[in-house]
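Residues per chain are reported as follows:
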Amino acid sequence: MATKPPQGDPVQDAPRVAEPKHAAAGLPAVGHTLRIAQQQMGVRRTALTLLRVNQKDGFDCPGCAWPEPEHRHTAEFCENGAKAVAEEATLRRVTPEFFAAHTLTDLHGRSGYWLGQQGRLTHPMYLAEGAEHYEPVSWERAFDIIGTEIAALGSPDEAVFYTSGRTSNEAAFLYQLFARELGTNNLPDCSNMCHESSGSALTETIGIGKGSVLLEDLHKADLIIVAGQNPGTNHPRMLSALEKAKAGGARIISVNPLPEAGLERFKNPQTPQGMLRGAALTDLFLQIRIGGDQALFRLLNKLVLETEGAVDEEFVREHTHGYEEFAKAARAADWDGTLAATGLTRAEIEEALRMVLASKRTIVCWAMGLTQHKHSVPTIREVVNFLLLRGNIGRTGAGVCPVRGHSNVQGDRTMGIFERPAPAFLDALEKEFGFAPPRAHGFDVVRAIRALRDGEAKVFFAMGGNFVSATPDTDVTEAAVRRARLTVHVSTKLNRSHVVTGARALILPTLGRTERDLQGGGEQFVTVEDSMGMVHASRGRLEPASPHLLSEPAIVCRLARRVLGENSRTPWEEFEKDYATIRDRVARVIPGFQDFNARVAHPGSFALPHAPRDERRFPTATGKANFTAAPVEFPELPEGRLLLQTLRSHDQYNTTIYGLDDRYRGITNGRRVVLVNPEDARRLGVADGSYVDLVSEWKDGVERRAPGFRVVHYPTARGCAAAYYPETNVLVPLDATADVSNTPASKSVVIRLESGARHPAPAV
Ligand SMILES: Nc1nc2c(c(=O)[nH]1)N[C@H]1C(S)=C(S)[C@@H](COP(=O)(O)OP(=O)(O)OC[C@H]3O[C@@H](n4cnc5c(=O)[nH]c(N)nc54)[C@H](O)[C@@H]3O)O[C@H]1N2
Ligand SMILES: Nc1nc2c(c(=O)[nH]1)N[C@H]1C(S)=C(S)[C@@H](COP(=O)(O)OP(=O)(O)OC[C@H]3O[C@@H](n4cnc5c(=O)[nH]c(N)nc54)[C@H](O)[C@@H]3O)O[C@H]1N2
Ligand SMILES: [Mo]
């Protein structure tokens with residue numbers, strides 16, 4: 001039996017602090033995993049479910065987008081994957097009785113952790129205007145309510161259709177088709193807050209917004225640079241790939257303001273030897289200041305340019321454009337400026353250079369540490385310059401590797417979830433479905449919030465996710481969402497977006513990955529695309545959490561039939577019955593998916609085409625890979641201030657909080673902590689264990705405050721601080737976004753610390 005959810009609510013947590021760890025995984029991780037899983041699922045279900053993760057006839061792990069190796073261990077799952085599965089396969093339930101027992105005001109006062117721990121949603125629920133309780137509603141009535149509100153809009157562009165990255169390819173394809181048949185490109189997604197900067201930079205420079213390496217490439221690399229990523233927590237299976245690369249002779253540089261345990265040493269729980277000793281992973285740790293990466297890569301590029309024979313001249317000549325202008329900018333880089341921007345020493349950068357020059361096959365991996373700054377796009381372009389210089393794209397063991405977050409966030413984009421779709425994609429939709437898709441660009445996440453705030457958008461529909469908690473500027477966003485006429489969430493679990501609502505609200509409960517999906521045409525499976533462009537099937541086996549759930553594709557089909565009615569010639573009914581008929585359409589609309597049904601019928605994955613990787617062809621505006629030469633930027637830090645990054649603990653999946661510990665960083669029993677370098681703390685007069693308010697300062701003059709954080713003296717880079725998201729989203733100004741990609745700059749927030757009280761903390 002599963003245990004009961006927590007009775008109290010740890011809004012008022014009491015963090016305890018110990019020394020950070022220097023190694024990730026191993027036996028403690030296995031024990032911890034089983035404990036968490038059994039609390040949610042009981043012993044038998046835990047065993048049955050965890051064995052099915054990422055197996056050839058099983059379901060895709062909802063944890064992250066890291067690919068599966070071809071030769072899997074019997075249980076290719078990791079600690080955090082298991083937690084993600086347990087969270088979904090939990091035996092706890094949120095029923096109509098639960099909603100009858102809790103008023104909206106009550107639920108609003110609870111933390112996101114408490115809400116999530118209550119279990120799986122079982123019935124469609126409706127919150128009438130002014131009501132204090134959600135009440136059960138039939139699916140038909142729910143679709144009627146949505147249909148009525150959409151029909152009342154002045155234009156389809158007053159509706160917003162958000163997507164989180166767990167949605168399957170099939171559901172995503174139908175969802176964007178529905179929005180476009182309705183007449184809008186308002187399809188913001190979590191990617192706007194995540195790897196949008198990578199997509200923007202890569203599309204412009206190499207012609208495709210996706211990474212260019214496969215898992216085999218990592219195994220064959222000479223040098224892997226991991227910049228701005230914490231794989232030990234967020235992509236634990238990547239550690240096995242790094243371990244294998246090291247065994248093959250690769251060296252690893254990690255670039256991070258924090259010494260992250262997983263990158264230091266990895267104790268592979270799947271091998272007896274790894275359990276005991278573990279492998280040291282990082283050869284060189286560059287403890288960079290937040291936002292210093294562009295400066296670092298720029299100087300490395302200058303040093304490569306100045307080294308006789310270091311540039312791959314043939315590659316540069318044959319395949320690239322813009323070299324001269326870039327080389328001129330790079331030659332102007334100087335040591336002093338770079339040392340100030342990065343906080344590194346000359347010796348460290350020279351050591352990095354030696355490793356770069358010794359490598360014939362270099363890969364750069366990155367995640368949110370590079371994508372969530374004002375100058376993220378030029379930073380990632382500089383990484384591309386770095387790889388192009390030595391011909392490290394389109395060659396075995398080399399390339400760009402943006403490591404995606406949500407398990408199908410890349411697939412959703414491939415399926416057309418994008419507010420700025422390419423004209424060729426819309427042409428293909430038009431031809432296949434016989435309607436004229438809207439051509440004007442829609443709202444991304446930040447623009448959607450502004451539109452809600454300004455009354456330009458009135459209906460907000462979310463396919464998964466937790467919009468109000470994941471987005472920046474919590475107070476502004478919550479007020480914006482409250483102005484909507486109707487908010488609708490297709491969800492598996494309760495979260496804050498269900499309690500901060502428009503005038504009316506609906507919760508539409510849906511099947512998760514782990515669950516059997518039975519439709520008119522029999523048992524269905526769905527497909528997903530991982531971070532390396534590999535597509536494979538995902539098939540759930542568990543009995544659904546409730547008989548009242550609909551699958552995501554079924555929800556879209558019924559919604560489309562109700563909202564579009566006679567105006568749509570699309571066979572929605574057929575799509576709902578048999579997902580193979582959706583894949584047949586995907587095959588005709590999206591390049592690389594020919595014979596889709598036949599190819600996913602085979603066990604394993606198939607690779608989508610990637611011109612730079614497969615044939616060194618760069619489908620950019622110039623027809624070549626583009627060098628770029630942006631001015632070097634880095635965040636300015638006024639006297640007495642710190643640069644705050646907002647990151648993940650080991651016990652959370654984005655806004656889903658699994659527990660209150662961050663084991664590798666030595667923090668337990670609480671999340672309201674701020675990590676500060678001991679030297680900075682002394683200078684600022686904040687003792688370890690004291691309580692402070694974090695106050696963010698931005699050029700709009702508004703002071704945003706997050707009260708009651710315990711100071712933890714921690715070996716982060718000088719001038720830098722770190723605290724968990726979503727508690728700190730209140731500090732990130734809505735308009736503080738990355739140039740070009742418009743991604744919230746949630747990794748470089750200027751703050752000051754004010755001495756504060758431990759309580760009361762607001763519910764987040
Ligand atoms: N268990 C678990 N897995 C997850 C998630 C989760 O929440 N939990 N989330 C998923 C999602 S959606 C995503 S996008 C990924 C996120 O994966 P990550 O990007 O690893 O997640 P963050 O915790 O945001 O960590 C950012 C890392 O970048 C570093 N960093 C911050 N600023 C800078 C900088 O300026 N320069 C450099 N070089 N480094 C910097 C931080 O110290 C930290 O190590 O993980 C996915 N997987
Ligand atoms: N300050 C700050 N803000 C950030 C970030 C940061 O690093 N710092 N990271 C950003 C990033 S990288 C991302 S990706 C976003 C994440 O933004 P989102 O994707 O919107 O948020 P999640 O927390 O992943 O969404 C969790 C909810 O998804 C629902 N869910 C889970 N599984 C399923 C499913 O199978 N189907 C459906 N329909 N629903 C499901 C559950 O109800 C759960 O409560 O947050 C961003 N926000
Ligand atoms: Mo993400």
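Values in this document were obtained by computation on a predicted structure and should not be read as measured data.

Chemist: How would you sum up the pattern of salt bridges? Please name residues and give values.
Modeler: As enumerated under the stated definition, the model contains 56 salt bridges in all. Linking Asp444 and Arg447 is a salt bridge whose minimum nitrogen-to-oxygen distance equals 2.9 Å. For Asp444, a relative accessible area of 2% puts it in the buried group. The class of Arg447 is partly exposed, set by a relative accessible area of 38%. When salt bridges with common partners are traced through the structure, they connect Arg641, Asp693, Glu697, Glu703, Arg705, Arg752 and Glu754 into a single cluster.

Chemist: Please set out unusual backbone geometry residue by residue, giving values where relevant.
Modeler: With omega at 10 degrees, the peptide bond leading from Tyr725 into Pro726 counts as cis. Position of Pro726 among the secondary structure elements: in the loop between strand S32 (720-724) and strand S33 (749-755). Backbone geometry places Val740, a non-glycine residue, at a positive phi of 75 degrees. Mapped onto the fold, Val740 is located in the loop between S32 and S33. Classification of Val740 as exposed rests on a relative accessible area of 57%. Even without glycine at this site, Asn742 takes up a positive phi of about 65 degrees. Within the secondary structure, Asn742 sits in the loop between S32 and S33.

Chemist: Which residues make up the domain arrangement of the protein, and what values do they have?
Modeler: Along its sequence, the protein is carved into domain 1 (99-194 + 408-609), domain 2 (196-407) and domain 3 (642-755). The gap between the C-alpha centroids of domain 1 and domain 2 is 35 Å. Taken together, the contacts link 23 residues of domain 1 with 17 residues of domain 2. In total, domain 1 and domain 2 occlude about 1500 Å² of area from one another, counting both sides; carbon and sulfur atoms represent 48% of this. Considering only the side of domain 1, the residues that lose the most area to domain 2 are Cys194, Ser531 and Met532, jointly responsible for 40% of the buried surface there. As a salt-bridge pair, Lys210 and Glu529 come within 2.8 Å of each other at their nearest N and O atoms.

Chemist: Outline the sheet that holds strand S31 (residues 703-713), supporting the account with residue identities and numerical values.
Modeler: Strand order in the closed barrel formed by 6 strands is S25-S32-S29-S31-S30-S33, and the pairing between neighbours is mixed. Looking at each pair of strands side by side, their axes are set apart by 45 degrees on average, direction ignored. Bridging between strand S30 (residues 691-697) and S31 involves 6 bridges; their strand directions are antiparallel. Bridge pairing links Val695 to Arg705 in S31.

Chemist: I'd like a rundown of the site of ligand 1, residues and numbers included.
Modeler: Surrounding ligand 1, one finds 31 residues, the nearest of these being Asn256, Glu260, Gly291, Gln652 and Asn654. In this structure, a nitrogen atom belonging to ligand 1 sits 3.3 Å away from a main-chain N or O atom of Gly228. The separation between an oxygen atom of ligand 1 and a polar side-chain atom of Gln645 is 3.0 Å. Burial of ligand 1 by the protein chains amounts to 99% of its free accessible area of 920 Å². Split into classes, the residues belonging to the shell around ligand 1 amount to 11 nonpolar, 16 polar and 4 charged. Among the domains, domain 2 (196-407) and domain 3 (642-755) are the pair contributing at least three residues each to the shell around ligand 1.

Chemist: Lay out the packing of helix H15 (residues 293-305) against helix H21 (residues 376-389) in plain terms, naming residues and giving numbers.
Modeler: At their nearest, the axes of H15 and H21 sit 9 Å apart, and the two run at 20 degrees to each other. Viewed along their axes, H15 and H21 adopt a mutual orientation that is roughly parallel. In terms of crossing hand, the pair formed by H15 and H21 is left-handed. Seen from H15, the contacting residues are Asp293, Gln294, Phe297, Arg298, Leu300, Asn301, Val304 and Leu305; seen from H21, they are Pro378, Thr379, Glu382, Val383, Asn385, Phe386 and Leu389. Its residues assigned to classes, the contact of H15 with H21 comprises 8 nonpolar, 4 polar and 3 charged.

Parameters and conventions
- Residues numbered from 1 in each chain as written.
- Chains lettered and ligands numbered in written order.
- Predicted model: local features only at pLDDT ≥ 70, side-chain atom pairs only at ≥ 80, totals over all residues.
- Heavy atoms only, no water.
- Salt bridge = Lys/Arg side-chain N within 4 Å of Asp/Glu carboxyl O.
- Buried < 20%, exposed > 50% of the residue type's maximum accessible area, 1.4 Å probe, protein only.
- Helix = DSSP H or I, 4+ residues; strand = E, 2+ residues; numbered from the N terminus.
- Domains from an automatic or database assignment.
- Contact = heavy atoms within 4.5 Å.
- Buried area = accessible area lost by both parts, 1.4 Å probe.
- Pairing = 2+ DSSP bridges.
- Axes fitted to C-alpha atoms, helices over the stretch in contact; angles between N-to-C directions.
- Near = heavy atom within 4 Å.
- Polar contact = N/O pair within 3.5 Å; in protein donor to acceptor, adjacent residues only side chain to side chain.
- Areas by Shrake-Rupley, 256 points an atom, 1.4 Å probe, with all protein chains shown as cover.
- Nonpolar A, V, L, I, M, F, W, Y, C, P; charged D, E, K, R; others polar.
- Parallel < 35°, antiparallel > 145°, perpendicular 65-115°, else oblique.
- Left-handed = near helix turned anticlockwise from the far one by under 90°.

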